[in-house]
Amino acid sequence: MPARQQMALSLGWHIILACFGVAFPAIIFVMHLRGIRREDPVALELARRWAKVSAVLFAIGAVSGTVLSFEMGLLWPGLMGTYGDVLGLPFAFEGLAFFVEAIFLGIYLYGWGRMPARRHVLMVLPMAVTGIIGAYCVVAVNAWMNVPRGFRLVDGEVTDVQPWTVLFNQHAFLQFAHMWVGAYMVVGFSIAGVYAVGMLRGRRDRHHRLGFIVPFVFASVAALTQPFVGHVLGFGLDERQPAKLAAFELAETTESPSPLRLGGVIVDGEVRGAIDIPVLGSLIAMNSPTAPVPGLDTIPEDEQPPVNLTHLAFQTMIGIGTLLAAGVAWFWFQRRRGRDLLERRWFLRAAAAAGPLAAIALESGWIATEVGRQPWIVHGVMRTPEAVGDHTSALWWLLGISTVIYAAMTAGAVVVLRSMARRWRAGESDLPSPYAPPVEEVRQ
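What counts and how
Residues numbered from 1 in each chain as written. Predicted model: local features only at pLDDT ≥ 70, side-chain atom pairs only at ≥ 80, totals over all residues. Heavy atoms only, no water. Buried < 20%, exposed > 50% of the residue type's maximum accessible area, 1.4 Å probe, protein only. Helix = DSSP H or I, 4+ residues; strand = E, 2+ residues; numbered from the N terminus. Contact = heavy atoms within 4.5 Å. Core = buried A, V, L, I, M, F, W, Y, C linked by side-chain atoms within 4.5 Å. Axes fitted to C-alpha atoms, helices over the stretch in contact; angles between N-to-C directions. Parallel < 35°, antiparallel > 145°, perpendicular 65-115°, else oblique. Left-handed = near helix turned anticlockwise from the far one by under 90°. Nonpolar A, V, L, I, M, F, W, Y, C, P; charged D, E, K, R; others polar.

**Brief notes about helix H10 (residues 242-249)**
Because each turn of an α-helix spans 3.6 residues, side chains separated by three or four positions in sequence point in the same direction.
Now for step 1: A large share of H10 lies buried, amounting to seven of its eight residues.
Now for step 2: All buried positions along H10 are accounted for by Ala243, Lys244, Leu245, Ala246, Ala247, Phe248 and Glu249.
Now for step 3: Elements in contact with the buried residues of H10: helix H5 (124-146), helix H9 (237-240), strand S3 (260-262), helix H11 (280-286), helix H12 (307-336) and helix H13 (345-373).
Now for step 4: With its phi angle positive at about 55°, Leu250 sits one or two positions after the end of H10.

As C-alpha cells, then:
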C-alpha cells in the first residue's frame, strides 16, 4: 500500500508537468512565429513570458522526474530486477530526450535579443520534438505493462529480449496519441484560463484576448479530437484486458446487448445507483449493437481490479471530456455567428474552470488505466505484490516525506509564478536573471 500510494502521488503530480513539457513548446512556437511574421509586439511579449513560465515548470518537473526514476527501483525492485533489460532502452531514450530539451530551453531563453529572430524561434522546435519523444518513451513502457511483448519468459528468466518491439508497437502509439492529445487539453485550457481570469478582473486588452485565443485553439482541436482517439484506443480491450473493460462498463454479468451504465457502484455483488441506457454499451465498447461486453462473472475473483474506483474514474474522464468538447464546439459556433462569448462573464468563468477540469480528466484517465490493470503490474505476467520491495515501514516514512516535499514544491511554484505575473503587470517586462550575459543587439 505505501508503495502504491507513493507512486500515485509522484506520477499524479508529475504528469501535469509532463503535459506542459509536451504541449507548451508548440504553443509558444506558434505565438512567437505569429509575432515575427506579423511584427506583433504583443505576441512576442507573450511568447517571451511563456518561455519563462515554461522554464519554472521544467525545473520543478526535473525534480519530480528524477524522483520517479529512483522510485522505479526503490519501490518495485521485483519489476526492474526481472524486466530491466526489457525496459532499459525506452528509459535511456527518455533520459537523452530530457537533456536535449533542457539544452535547447536554455538556448531559447537566453537567445532573446542575442540571435536573429528567425533562427531564434527555431530553437523551440527541438524542445517540442524531444518533449514528445520523452513522453512517448515513458508511455511505451506503460503500454508494455498493459500488453507485454518483446521477450520470452523461460523458467522465470527473461530471454530473447527485443527492445525495439517494446518501444514500437501499435498499442504504444495509440496510448501515446491519447496522452498527447490530453496534454494539449490540459495545457491549452490552463493557459487560456489564466487570461480568462484576467478578463474577469477587467483586463480586457489585446494582450489578454490573444493570450486566451491561441492556447484555446489548441485546446479546442484536442478536445474535439480526443473522443475519437479514445474510442480507437479501446478497440480490442475485451481481448487484451477483459477485466478492465468489465470494470469500465460496470458489467457485473455478461449481457447481450449490453447497456451503457452511467454512474453507479457495485455493493455486495449488485449494481446500485446506475442509469442504464440499453444497447449503447455494446455499441460503444464493442462496435456492435448486439455483441456482449464481458462481465465480471467471467473473470476469476482474484484477477478482478477495484471495480468501483476504476468505473468512476473512467466515467469522470469521459464526462469531463464530453463537457469540454461540447463547450468548445459551442464557443466556435457562436463565434462563427458573430457572437463573442469573451464578453460574457459566465463563459469566462467556465473557461477558467476548464483547465482544472481537464487536469482532473487526465488524472482520472490514468487512475482508470493503472487501477484497472490490477492486480497485475505487468498484465498476465507479474502481480503487483510480486514486484514491491520488502520494506513497508520505511516506505510509509518515505511517503510522508515525499508528501511534504511535493507540497513545498507546489507552494514554491505558485509563489514564483504569481511573483512573475505581479511584476509583469507592474510593467517589468524583462525580469532578467542576475547571472544572464549582457544583451547585445543582433541584426535580424
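**Points about the nonpolar core**
Now for step 1: Membership of the largest hydrophobic core comes to 82 residues, with the highest contact counts inside it found for Phe24, Trp50, Tyr108, Phe189 and Phe212.
Now for step 2: In terms of residue count, the dominant contributor to this core is helix H7 (residues 170-200) (15 residues).
Now for step 3: Beyond its immediate stretch of four places on either side in the chain, Phe24 contacts Cys19, Trp50, Val53, Ser54, Val187 and Ile191.
Now for step 4: One finds Met72, Tyr83, Val158 and Val166 within the second-largest nonpolar core, a separate group that totals 21 residues.

**Regarding the packing of helix H1 (residues 2-37) against H13**
Now for step 1: Across the interface, H1 lies against H13 with an axial gap of 11 Å and an inter-helix angle of 125°. As far as their axial angle goes, H13 and H1 are oblique. Pair H1 / H13 crosses with right-handed handedness. Contacts between H1 and H13 involve Gly12, Ile15, Ile16 and Cys19 from the former and Ala359, Leu362, Glu363 and Trp366 from the latter.
Now for step 2: A breakdown of the residues in the contact of H1 with H13 according to their chemical character gives six nonpolar, one polar and one charged.

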